[in-house]
Structure formats: C-alpha cells, structure tokens
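As a plain string of letters, each chain reads:
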Amino acid sequence: MKGLARGPVYAEIDPNLVPLSAPLMDSKFCQDQFNVHGARDSFREMVKQGPGLHICITQPAARGNTPCDLHIDEVQQGQVCTQGYCVPLLNGQTIEHLRTVGPWLAVQPVNWVRERLGLPPLKP
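(A) Seen up close, the state of the cysteines. According to the stated counting rule, one finds one disulfide in the structure shown. Each sulfur in the disulfide pair Cys30 and Cys81 lies 2.2 Å from the other. Across the disulfide from Cys30 to Cys81, rotation about the S-S bond amounts to roughly 85°, and the bridge is consequently right-handed. With Cys30 in strand β1 (residues 29-31) and Cys81 in strand β5 (residues 79-82), this pair connects stretches of sequence that are 51 residues apart. Cys81 matches Cys30 in its accessibility class, with the two residues each being buried. The thiol sulfur of Cys68 is not disulfide-bonded, and the nearest other cysteine sulfur, from Cys56, lies at 8.8 Å. This cysteine, Cys86, is not joined by any disulfide, and Cys30 carries the nearest cysteine sulfur, 3.8 Å off.

So this is what it looks like as structure tokens:
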C-alpha cells in the first residue's frame, strides 16, 4: 500500500494547493496522516468525488487482537496526495464526507473505551 501511495509526481504543480517542497503525487491510494481507525495504517482511494475504498491494515504490534478493515466511504474526503500522505482539502466533498461518517465518529471513542473494559461495542 505504501508503494501505491507514492505514485509519480505530477508534472505541473499548483503552488496554491501545496508548496513546491511537497510535490503532489498521482497516486491511486494515499495514506492517512491522522488515523481514526485504531492500531491500523489506513489508506484512502484517491477519487474526484463520490464513494471511495478505505483500506485499514493492522499494525504489527496489534495483529493478534485487531483485525484489518476494508470499507467504502459513502463520500470520500476531498484530498491531494503528497509524499505518500493525504492532505485533506476544506471543500464540499470533505464536508459531505464528515457528515456521512459523523454517526460513526460519535460512537467510536466510546467503543474504544468499551473494548478496553471488555464490553461489546455500540452500533452507530
């Protein structure tokens, strides 16, 4: 996945989006810099709009008790990829993404605590 996130550099770079020191990549997937999926490295499919695949690979230290996760975000966040990592854009696509994942985000912190206490998770 890290290899897929480090695609070729765009020939033309828009310095209004990303500084020249951080060139934009033409990648099919990009790694999340900020992870909300626990002990997993997560990668987003780069899409212009609409749904997108989100692949969450469990980190080595947690592989005994945390499964990998694959899901499709109903609306993938607006983003560009630089140096293999997602840079979220504050645009309508990201706002719609946050609206669609809001119920999950509201329940997830509670479920992390419940997991530590050995309790079953709540449903969003």
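(B) Quick peek at unusual backbone geometry. Look at Gln83: it is not a glycine, yet its phi comes out positive at around 55°. The topology assignment puts Gln83 in the loop between β5 and β6 (85-88).

(C) Helix α1 (residues 92-116), seen in detail. End to end, α1 covers 36 Å across 25 residues, agreeing with the expected 36 Å (1.5 Å per residue, within 8%). Where α1 bends most, the angle comes to about 55°, and this point is Val101, followed within four residues by the proline Pro103. Those residues of α1 that fall on the buried side of the exposure criterion are Gln93, Thr94, His97, Thr100, Val101, Val107, Gln108 and Asn111. If you follow the buried residues of α1, they end up packed against β2 (40-45) and β4 (69-73). One or two residues past the end of α1 sits Gly118, with phi positive at roughly 75°.

(D) Spotlight on the environment of Gly78. Looking at where Gly78 falls in the secondary structure, it is placed in the loop between β4 and β5. Setting aside anything within four residues of it in sequence, one finds Gly78 in contact with Val87, Pro88, Leu89, Asn91, Gln93 and Thr94.

(E) Quick peek at a nonpolar patch on the surface. There is a patch of nonpolar side chains on the surface, built from Val36, Leu98, Leu105 and Trp112 and spanning about 330 Å² of accessible area. Structurally, the position occupied by Leu105 is in helix α1.

(F) Examining the pattern of salt bridges more closely. Tallied over the entire structure, the rule returns three salt bridges. Between Asp32 and Arg44 there is a salt bridge whose closest N-O contact spans 2.8 Å. Note that Asp32 is positioned in the loop between β1 and β2 and Arg44 in strand β2, a separation of twelve residues in sequence. Across this residue pair, the class does not change: Asp32 and Arg44 are buried. Close ionic contact of Arg99 with Glu96 constitutes a salt bridge, the shortest N to O distance being 2.5 Å. Residue Arg99 and its partner Glu96 are both found in helix α1; the two are separated by three residues, about one turn of the helix. Assessed through its relative accessible area of 52%, Arg99 is described here as exposed.

What counts and how
- Residues numbered from 1 in each chain as written.
- Predicted model: local features only at pLDDT ≥ 70, side-chain atom pairs only at ≥ 80, totals over all residues.
- Heavy atoms only, no water.
- Disulfide = S-S within 2.5 Å.
- Helix = DSSP H or I, 4+ residues; strand = E, 2+ residues; numbered from the N terminus.
- Buried < 20%, exposed > 50% of the residue type's maximum accessible area, 1.4 Å probe, protein only.
- Expected span 1.5 Å × (residues − 1).
- Bend = angle between axes of the 7 residues up to and from the residue.
- Contact = heavy atoms within 4.5 Å.
- Patch = residues over 30% accessible without salt bridge, like charges linked within 9 Å, V, L, I, M, F, W, Y side chains within 5 Å.
- Areas by Shrake-Rupley, 256 points an atom, 1.4 Å probe, with all protein chains shown as cover.
- Salt bridge = Lys/Arg side-chain N within 4 Å of Asp/Glu carboxyl O.

By themselves, these figures tell us nothing about what the structure is for.
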